Structures are given as C-alpha cells and as structure tokens.
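Each chain, letter by letter, is given below.
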Amino acid sequence: MSVFISVVVAAYNEEAVIEQFYERTARVLESISPDYEILVVNDGSRDSTAAKVRALHQKDARVKLVDLSRNFGKEIAMSAGLDFASGEVVVVTDADLQDPPELITEMLAKWREGYDTVYATRTLREGETALKKLTAGLFYRIMNQFSRTQIPEDTGDFRLMSRRTVQALRLLREENRFMKGVFTWVGFNQVGIPYERAPRAAGETKWNYWRLLNFAIEGITSFSYVPLQISTYVGVITAIFAFLYAGFLIIRTLLFGIDVPGYASLMVAILFFSGCQLTFLGIIGEYLGRMFEEIKRRPLYLVQEVLGLEPNSPQVLLRPKP
Ligand code: UDP
Ligand code: MG
C-alpha cells in the first residue's frame, strides 16, 4: 500500500547541507514510496539556501519551497510547513541531518500499527557538550514538574504524524508556540522510538545559551502558570510573616517606647521585599508580554514565494512577475 509522505524541513542558512539533506532523504523516501514531497521552508536565510532549493525543484518537482518573507524562527517556520503539507503522513525534521532520515521507515511502520505520532527519542547526543546535556536534562525535569502537558524527555521535533494530528496542529494559532508542548497537547496515540542523534553534517548551529534560556522560559510560560502560583504562595507566606512581625513591633513600641537601632533589620526587610516584588513583577511581565503578542492576532508568518504548491492562503503574498 502506497502512502503519500510529506517531509517538512525548516531551513535557515543551510546552504552547506541542504543538497546533502535532499539526497539522503530522497533516497530513503524512494525506498518507501515514490509518492512524497520534501517541503523546505526557507526561514529568511541570508545565504543561497532558497536558490539551492529552487534548483532542486527544477530537477525534482517533489521538492517544494515555502519562502518566508523574513526569519520567523524555527517553530513558526515548521508551522508554516505543516500548513502546506498535504501528506497522509507528515515528517518534521531538521535540515542538518542530525535526525537520520533512515528512521522514517521505522516510524512509518509504527504509524501503520495505528499510532498517530511517532517521535524520535535521543539515546545519544554526539557532538554536544556536557553542559548542554545537563541543561537539557534539567529543562525537561522543570518543565514536566510545572506543566500538565507532559513532554517526553530527550525528544526533539523529529517526528512522524498522521494527517489528523497535523490538522489538529493547524487549529493552534498561538504566536508563542513551544512546539514540543504543542505536539504533546494534541494527544492521540503517541509512541517514541529511540535513535542516536548525529552531529551536524555541515554548517553551524543557530542556538546559543541565551536563545536556549529564552526557549526554556517560553516553554514553561506557554504551558503552565505555576510560576504565577509560586509568586502568589511566596507572596502570601512572606506577607503573613511580615504582618506578624509588624504587630510584634507595634506592641513592643507601645509597651517599651521607641528603640532607635534597627538599621540592619530595616535594610534586610526592604531588600528582601523589593527583591521578591521585582522578581514577581518580572514573572507577571513574561505572561503579560505573551498576552500582548497574542492579542494582536497577527498572522503567524508571511510567504513571499512558493514552488510546487498552491498559494491558497492570505498569508501568501507573491510578487507579480514584471
Ligand atoms: N532553523 C530555522 N530558523 C531559525 C533557526 C533554525 O528554520 O531561526 C532551522 C535550522 O535550519 C535547522 C533546524 O532549525 O534545520 C535546527 O537548527 P539547528 O541545527 O541550528 O539547532 P540544533 O540542532 O543545534 O538545536
Ligand atoms: Mg541541528
């Protein structure tokens, strides 16, 4: 039984690897079914990624291009790809061949068994520093403590999804999209298969610690309001102690008169409470900022060119040929 497979890949400055990606992926797909599309979303690359994809499309019309109007970030680029993918199953992967396309065969077998999402779980992170592994582990632990949507550990975006999962994902239009969480939120039958994550085939990673930290904050704040609850609890508890201590001070002053020394306790109290307040204001700010983003209801992305695809969306704004 032949099945139409879409492979969605977000590419940002991937000229060094995109052709290699195509060759290896096409070889795998060919061995499964001749009906496939490789849908590259060019996320505002400043190199020749788009040109290379255009050339690939000339050779093989099953390579398709969604060219975003600027860099929107991987999560949104991936969502754009999911909006255009027409496969019965859709595979999401990275352009750098860190996720071996050979695994698609195994994923598809699981799909045939009746699973809607087959995600790949890393058993090995080659070419990644000990610090990155440590922080990644910590992130999953905190995230799952904080949120009701339990994201599977050591799972990236590499996955195969049924059509209904993709349709469900299309319903989620939030701007702050933490894909790992969104994928899990959708539900249906999910299963993980282990794989060894290879180092990048070529080119450079676009992630650094600052980006990863913000990514972690994004993950937690878009799936949980536990930080807000923590602020409430800490606030209430410290307020109770503060009131008790204030009462004690008032009574002591009434009974024994004014006692001038007390600079240290005063400073400690001021510093402690202003520290708490600033932290909690920051937490509220994180949520407020996200609400601000969402409430504007902007389109998630804009597309300036498509190849091999119908431009049937108001988000596709083509330039007429002169
Ligand atoms: N990517 C993207 N937009 C961005 C950053 C990255 O589309 O703004 C793509 C990138 O081209 C690659 C994937 O996301 O296909 C993963 O990026 P990278 O390999 O740099 O991340 P890492 O594997 O190091 O986490
Ligand atoms: Mg990578």
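Residues numbered from 1 in each chain as written. Chains lettered and ligands numbered in written order. Predicted model: local features only at pLDDT ≥ 70, side-chain atom pairs only at ≥ 80, totals over all residues. Heavy atoms only, no water.

Student: Could you give me a rundown of the pairing of strand β4 (residues 89-94), with the residues and numbers involved?
Tutor: Among the 6 residues in β4, 6 count as buried, and that is most of the element. Of the two faces of β4, the one holding V89, V91 and T93 and the one holding V90, V92 and D94 are both buried throughout. Where strand β1 (residues 5-11) lies against β4, 6 bridges are found, and the strand directions are parallel. Across the sheet, residue I5 finds its bridge partner in β4, namely V89. (Buried < 20%, exposed > 50% of the residue type's maximum accessible area, 1.4 Å probe, protein only. Helix = DSSP H or I, 4+ residues; strand = E, 2+ residues; numbered from the N terminus. Pairing = 2+ DSSP bridges.)

Student: Describe the packing of helix α8 (residues 209-223) against helix α10 (residues 263-295), naming the residues involved and giving the relevant values.
Tutor: Two elements in contact, α8 and α10, have axes whose closest approach is 11 Å; the angle formed by their N-to-C orientations is 80°. Our classification of the angle between α8 and α10 gives roughly perpendicular. Residues I217, E218, I220 and T221 of α8 pack against E286, Y287 and R290 of α10. A per-class count over the contact of α8 with α10 returns 3 nonpolar, 1 polar and 3 charged. (Axes fitted to C-alpha atoms, helices over the stretch in contact; angles between N-to-C directions. Parallel < 35°, antiparallel > 145°, perpendicular 65-115°, else oblique. Contact = heavy atoms within 4.5 Å. Nonpolar A, V, L, I, M, F, W, Y, C, P; charged D, E, K, R; others polar.)

Student: So, the coordination of the magnesium ion (ligand 2): which residues are in play, and what are the values?
Tutor: Surrounding the magnesium ion (ligand 2) are the protein donor atoms D96 (OD) and Q98 (OE1), which sit 1.9 Å from the metal. Residue D96 is classed as buried on the basis of its relative accessible area of 3%. When its relative accessible area of 10% is taken as the criterion, Q98 is described as buried. (Donors = N, O, S within 2.8 Å, 3.2 Å for Na, K, Ca; no water.)

Student: Hey, could you go over the nonpolar core for me, with residue numbers and the actual values?
Tutor: Judged by nonpolar contacts, the single largest core of 40 residues is most densely connected at L39, V66, L68, L82, F84, Y301 and V303. No other element matches helix α3 (residues 74-84), which puts 6 residues into this core. Not counting residues up to four positions away in its chain, the partners in contact with F84 are E37, L39, V66, Y301, V303, V306, L309, E310 and V316. Membership of the second largest hydrophobic core comes to 36 residues, among which are L56, L103, W111 and A120. (Core = buried A, V, L, I, M, F, W, Y, C linked by side-chain atoms within 4.5 Å.)

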